[in-house]
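Coordinates in review
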Amino acid sequence: MCRCRWTVSPPGRTCGPRSRWGTAANGCTSAWPGRGPDARAVEEVNAMVGATVIGRRTFDLGLRPWGGTPWPGVPSFVVTHRTEEDFRGDNGGMFFFDGLEAAVRRAEDAAGDKDVLVMGADVAGQLLVAGLLDEVHVHVAPVLLGRGTGVFGGRVGGLVPEGAPVAGVATHLRFGVTGASKTVGTVLLRGKSNVARR
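The structure displayed is predicted, hence computed values, not measured ones.

With the rule as written, the count across this model stands at six salt bridges. One salt bridge connects Asp98 with Arg106, and the closest N-O pair in it is separated by 2.9 Å. In this structure Arg106 comes out as partly exposed when scored by relative accessible area, which is 30%. Here the salt bridges do not stand alone but share partners, grouping Arg56, Asp60, Arg82 and Glu84 into one network.

Right, let's get into the packing of aromatic side chains. To describe a pair of aromatic rings, you give the distance between the ring centres and the angle between the ring planes. Taken as a whole and assessed by the stated rule, the structure comprises six aromatic pairs. Centroid distance Phe59 to Phe95: 5.1 Å. Interplanar angle 70 degrees. Geometry classified as edge-to-face. With Phe59 in helix α2 (residues 56–66) and Phe95 in strand β6 (residues 94–98), the pair connects residues that are 36 residues apart, well separated along the chain. With relative accessibility at 3%, the residue Phe59 sits in the buried group.

What follows covers the environment of Phe175. Here Phe175 is to be found in strand β12 (residues 171–180). With 17 residues separating them along the chain, Phe175 and Gly158 place their C-alpha atoms 9.3 Å apart. Apart from the residues within four sequence positions on either side, Phe175 is in contact with Asp134, Glu135, Val136, Val138, Leu159, Val160, Pro161 and Glu162.

All right, on to α2 then. When α2 is considered as a whole, its buried residues turn out to be Arg56, Thr58, Phe59, Gly62 and Trp66. Angular distribution of buried residues about the axis of α2 spans 125 degrees; they occupy a single face of the element. Exposed side of α2, more than 90 degrees from the buried face: Arg57, Arg64 and Pro65 are the residues found there. Residue Gly67 follows α2 closely and has a positive phi angle near 75 degrees.

Criteria and thresholds
Residues numbered from 1 in each chain as written. Predicted model: local features only at pLDDT ≥ 70, side-chain atom pairs only at ≥ 80, totals over all residues. Heavy atoms only, no water. Salt bridge = Lys/Arg side-chain N within 4 Å of Asp/Glu carboxyl O. Buried < 20%, exposed > 50% of the residue type's maximum accessible area, 1.4 Å probe, protein only. Phe/Tyr/Trp six-rings, centres within 6.5 Å; stacked < 30°, edge-to-face > 60°. Helix = DSSP H or I, 4+ residues; strand = E, 2+ residues; numbered from the N terminus. Contact = heavy atoms within 4.5 Å. Arc of directions from axis to C-beta.

By themselves, these observations are geometric and do not establish any function.
Structure below.
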């Protein structure tokens with residue numbers, strides 16, 4: 001199962017126009033406190049991650065702050081046209097570089113019985129259009145961003161609520177994906193069957 005987890009502002013932006021990774025002052029929504037329901041939402045994601053699929057820009061912005069892969073020791077598959085040699089991050093996780101479907105297939109194999117977390121608005125949008133996206137986890141942060149990066153890189157998809165909303169400092173929502181059009185948080189891709197259906 002592949003998942004994408006996004007923190008968004010109420011207008012649906014993941015980062016402001018001049019954002020740097022994890023800096024609320026520069027318009028990122030990723031800086032909400034981790035207590036109570038918020039901590040449980042983060043713990044749930046951390047427990048399920050067996051591999052990540054990452055967009056190239058997210059990789060370029062995140063590599064230094066992460067000190068290696070986003071989750072120490074967890075393999076990460078970077079979707080890119082600018083491939084490079086695979087390498088081990090400082091925290092023990094391997095980075096692999098590939099195209100969209102190959103990255104998803106390899107990540108699902110590497111994740112075993114855990115899930116693949118998708119990181120990056122554009123790559124999540126590509127997965128949505130390709131029919132490889134099954135679930136979206138959205139964490140609505142108390143930050144208003146008027147401009148910046150929208151979820152799914154501007155692509156549109158249908159969502160169905162799964163479970164009740166959970167409120168802390170952020171509001172945590174889960175949705176199943178019902179389909180996509182060529183025009184549009186957190187995102188979840190389910191099981192190896194997605195790649196097999198293609």
